[in-house]
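Spelled out from the first residue to the last, the chains are:
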Amino acid sequence: MILLDTDILIEIFDRRSQKGDEVLGRIAESGEDVATTSINLNEILYSLEKYAKPVKEIMLLPVLEYTKRDARLSAEIELKAETRGAAIRRTDAMIAAIAMNRGATLYTFNLRHFQPLQALGLRLFPQ
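Residues numbered from 1 in each chain as written. Predicted model: local features only at pLDDT ≥ 70, side-chain atom pairs only at ≥ 80, totals over all residues. Heavy atoms only, no water.

Overview of the layout of surface pockets
Applied cut-off: Note on definitions: the grid is 1 Å and covers protein atoms alone; a cavity is a set of points where a 1.4 Å probe fits but cannot get out; a pocket is an open set with protein on both sides within 12 Å along at least five of seven lines; lining residues have an atom within 4 Å of a point. Grid points are joined across faces, edges and corners, and a volume is the space filled by probe spheres set on the points. Note on conventions: DSSP H or I runs of at least 4 residues are helices, E runs of at least 2 residues are strands, and numbering of each starts at the N terminus.
The calculated volume of the largest pocket comes to roughly 450 Å³. As for the largest pocket, its lining consists of 16 residues, of which Ile10, Phe13, Asp14, Leu48 and Lys53 are closest to the centre. Taken together, the elements giving at least two residues each to the lining of the largest pocket come down to helix H1 (6–13) and helix H3 (38–50). If you tally residues by element for the lining of the largest pocket, the top one is H1, at four residues.

Structure representation (structure tokens):
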């Protein structure tokens, strides 16, 4: 399964984005199922609502919820990153935990935030 990060969703839902078209092509080539997380859904819905954009299509995407198991792993990820002197955003740790607990691959353009988490077991979709 491929989990789509917010930056990927933005490109996909921007009808004028060539980058979004390329993303869709790469996802189709992979043959894998796609979803997003409840955290990413919140982030993109906020932006869509703020700019009065339609939300109907995004609501059709499967969403993986944030669970107690994810909360535990997320806290561990955040603490390990902080201990290494590379603190990360809490929402990034939450998204990574959801992906890791489900054996999913995260598709993101935000490599600066997520690449350090590969050492902890996060799988990233190849760029």
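Quick notes on the packing of aromatic side chains
The line we're drawing: Between the rings of Phe, Tyr and Trp (Trp by its six-membered ring), a pair exists once the centres lie within 6.5 Å; its type follows the angle of the planes, with under 30 degrees stacked, over 60 edge-to-face, and the other angles tilted. Lysine and arginine charges are scored as sitting over a ring when NZ or CZ, respectively, is within 6 Å of the ring centre and within 35 degrees of the ring normal.
Evaluation of the coordinates by the stated rule reveals two aromatic pairs. An aromatic cluster is present here, built from Tyr107, Phe109 and Phe125 joined pairwise through their rings. For Lys19, the ring lying beneath its charged end belongs to Phe109, and the centroid distance is 4.1 Å.

Some remarks on the packing of helix H4 (residues 68–83) against helix H5 (residues 90–101)
Heads up, the rule is: Here an axis means a line fitted to C-alpha atoms, over the contact stretch when the element is a helix, while the angle between two N-to-C directions is reported on a 0 to 180 degree scale. Orientation is classified from the angle alone, with under 35 degrees giving roughly parallel, over 145 giving roughly antiparallel, 65 to 115 giving roughly perpendicular, and any other angle giving oblique. Take the far helix as the reference: if the near one is turned anticlockwise from it by less than a right angle, the crossing is left-handed, and if turned clockwise, right-handed. Whether two residues are in contact is decided by their heavy atoms, any of which lying within 4.5 Å being enough.
Packing of H4 against H5 leaves a shortest axis separation of 8 Å and a crossing angle of 125°. When the axis of H4 is compared with that of H5, the two are oblique. The handedness of the crossing between H4 and H5 comes out as right-handed. Contact residues: Arg69, Asp70, Leu73, Ser74, Ile77 and Glu78 in H4; Arg90, Ala93, Met94, Ala96, Ala97, Ile98, Met100 and Asn101 in H5.

Examining the side chain of Asn40
Where we set the bar: The rule is simple: take the accessible area with a 1.4 Å probe, protein chains only, and divide by the maximum for that residue type; under 20% is buried, over 50% is exposed, in between is partly exposed. Polar contacts, as counted here, are pairs of nitrogen or oxygen atoms within 3.5 Å of one another; within protein the pair requires one atom able to donate a hydrogen and one able to accept it, and residues that are adjacent in sequence qualify only if both atoms are side-chain atoms.
Among the structural elements, Asn40 can be located in helix H3. Judged by relative accessible area, Asn40 falls into the buried class, the value being 0%. At 2.5 Å, the side chain of Asn40 forms a polar contact with the side chain of Thr37.

Here we look at the pattern of salt bridges
Let me state the cut-off plainly: Between Lys or Arg on one side and Asp or Glu on the other, a salt bridge is scored when a side-chain nitrogen of the former is within 4 Å of a carboxyl oxygen of the latter.
Counted under the stated rule, the structure contains five salt bridges. Glu76 is the salt-bridge partner of Arg72, the closest N and O atoms lying 3.7 Å from each other. With Arg72 and Glu76 both in helix H4, this residue pair falls four residues apart, about one helical turn. Overall, Glu76 belongs to the partly exposed group, its relative accessible area being 36%. Residues participating in the shared-partner salt-bridge network are Glu43, Arg89 and Asp92.

Regarding the environment of His113
By secondary structure assignment, the location of His113 is in helix H6 (residues 111–114). Distance from His113 to Ser38, taken between C-alpha atoms, is 19 Å for residues 75 residues apart in sequence. Every residue in contact with His113, bar those within four places of it in the chain, is listed here: Ile88, Arg89 and Asp92. Of the polar contacts made by the side chain of His113, one reaches the side chain of Arg112; its length is 3.3 Å.

Remarks on the nonpolar core
Going by this rule: In this text, buried Ala, Val, Leu, Ile, Met, Phe, Trp, Tyr and Cys residues form a nonpolar core when linked through side-chain atoms within 4.5 Å.
Grouped together as the largest cluster of nonpolar side chains are 21 residues, with contacts concentrated most on Leu3, Ile77, Ile88, Leu106, Phe114, Leu117 and Leu122. Broken down by secondary-structure element, the contributors of at least two residues to this core are H4 and H5. Leaving out residues up to four positions away in the same chain, Leu122 has contacts with Ala96, Ala99, Met100, Leu106, Phe114 and Leu117. If you look at the next biggest cluster of nonpolar residues, it comprises 14 residues, including Val23, Leu48, Ile58 and Leu61.

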